[in-house]
Amino acid sequence: MKSIIQTLAIVLIFASCKTTNLIENQSKQLDNTVFLNDTSYQYKIRKDDKISISVWGEDNLSIGSVYGIYNSNEIYGKWLLVDANGNIEIPRMGTKHVVGKTVIELKEEIKKELSKLLVTPIVDVKVLNKEITIVGEVRNPNTFQVDKEKNNLLEVISKTGGFDFYANLKSIKILRQEGLNVKVTSIDLTQSNDSLNNNVLLYPGDIVIVPSKKYKEFDKRLANIIPFTTAISTLVILMRLF
């Protein structure tokens, strides 16, 4: 029996060597510098963003207002979609180019325009579709809406219900769009002294990939084989598989 256990251990080692993860093969593309905490970061409006504009006491100037009960609920489709040219159409103001602007910049521009019509206008601007996507070995892979511009990695992982048993915490990948390029970094959550691990924050639009440990596929095969075979025949089948 001891020799059988030793043989199984050897097969496990070879199975782990054979099973590779596609994400791990992209290590040459890693760019950690872009993922360090940038205190000056602000989300910039993109094409296809959904924008709501709230003007206190002025429902006729608001779209999806957070102030009024009639314009407030964004689920009814009350927003302005940033078109392919990067523009939106604002009541009483007309066409406005917004792509590349921060929420604060757009808010101040609208306030300046409305000050011609109103005394001390109170304005709020919100991007409704700021999202972060989590896929892989988590309990509930999904795309999550976020209100904050900076989000802690573990805070967003908690929205999925946490890591699954086979999650490879040593090789979590984060993908981030930077202009026309996609930057990739790898996070090792088992290393508490990793400077990137301690400083990384997720931004809207980021995609997090939690890969599986290399022996997951081996465990699946083993679980399917062992209940229906003897120990000796299991070894024979395993040798044929690998």
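Everything in this summary refers to the structure shown in the same document.

### Considerations on the side chain of Arg176
Thinking step 1. Assignment of secondary structure puts Arg176 in strand S9 (residues 172-178).
Thinking step 2. A relative accessible area of 2% places Arg176 in the buried class.
Thinking step 3. A distance of 2.9 Å separates a polar atom in the side chain of Arg176 from the backbone oxygen of Leu201.

### Points about the sheet that holds strand S10 (residues 181-187)
Thinking step 1. Taken in spatial order, the five strands make up an open sheet running S7-S6-S12-S9-S10, and their pairing is mixed. One side of each edge strand has no neighbouring strand; the edge strands of this open sheet are strand S7 (142-145) and S10. For this sheet, the mean inter-axis angle between neighbouring strands, taken without regard to orientation, is 20 degrees.
Thinking step 2. Both strand S6 (residues 131-136) and strand S12 (residues 207-210) contribute to a ladder of four bridges, which runs parallel. Looking across to S12, one finds that Thr133 is bridged to Ile207.

### Let's talk about the pattern of salt bridges
Thinking step 1. Throughout the structure, instances matching the rule amount to six salt bridges.
Thinking step 2. In this structure, Glu109 and Lys101 form a salt bridge, with 2.8 Å as the shortest nitrogen-oxygen distance.
Thinking step 3. A relative accessible area of 26% means that Glu109 is categorised as partly exposed.
Thinking step 4. A relative accessible area of 18% means that Lys101 is categorised as buried.
Thinking step 5. The closest approach of N and O atoms between Asp206 and Arg176, which form a salt bridge, is 2.7 Å. With Asp206 in the loop between strand S11 (201-202) and S12 and Arg176 in strand S9, the pair connects residues that are 30 residues apart, well separated along the chain. You'll find Asp206 and Arg176 in the same group, each marked buried.
Thinking step 6. Where salt bridges share partners, they join Lys96, Lys101 and Glu109 into one cluster.

### Re the packing of aromatic side chains
Thinking step 1. Enumeration over the complete set of coordinates arrives at two aromatic pairs.
Thinking step 2. Between Tyr41 and Tyr203, the ring centres sit 3.6 Å apart and the planes meet at 5 degrees, which makes this aromatic pair stacked. Of this pair, Tyr41 sits in the loop between helix H1 (2-18) and strand S1 (50-55) while Tyr203 sits in the loop between S11 and S12, and the two are 162 residues apart along the sequence. Each of the two residues, Tyr41 as well as Tyr203, counts as buried.
Thinking step 3. In this structure, Lys130 packs its charged tip against the face of Tyr43, placed 5.7 Å from the ring centre.
Thinking step 4. One Lys or Arg, Lys213, reaches over the ring of Phe165 and ends 5.6 Å from the middle of that ring.

Calculation notes
Residues numbered from 1 in each chain as written. Predicted model: local features only at pLDDT ≥ 70, side-chain atom pairs only at ≥ 80, totals over all residues. Heavy atoms only, no water. Helix = DSSP H or I, 4+ residues; strand = E, 2+ residues; numbered from the N terminus. Buried < 20%, exposed > 50% of the residue type's maximum accessible area, 1.4 Å probe, protein only. Polar contact = N/O pair within 3.5 Å; in protein donor to acceptor, adjacent residues only side chain to side chain. Pairing = 2+ DSSP bridges. Axes fitted to C-alpha atoms, helices over the stretch in contact; angles between N-to-C directions. Salt bridge = Lys/Arg side-chain N within 4 Å of Asp/Glu carboxyl O. Phe/Tyr/Trp six-rings, centres within 6.5 Å; stacked < 30°, edge-to-face > 60°. Lys NZ or Arg CZ within 6 Å of the ring centre and 35° of its normal.

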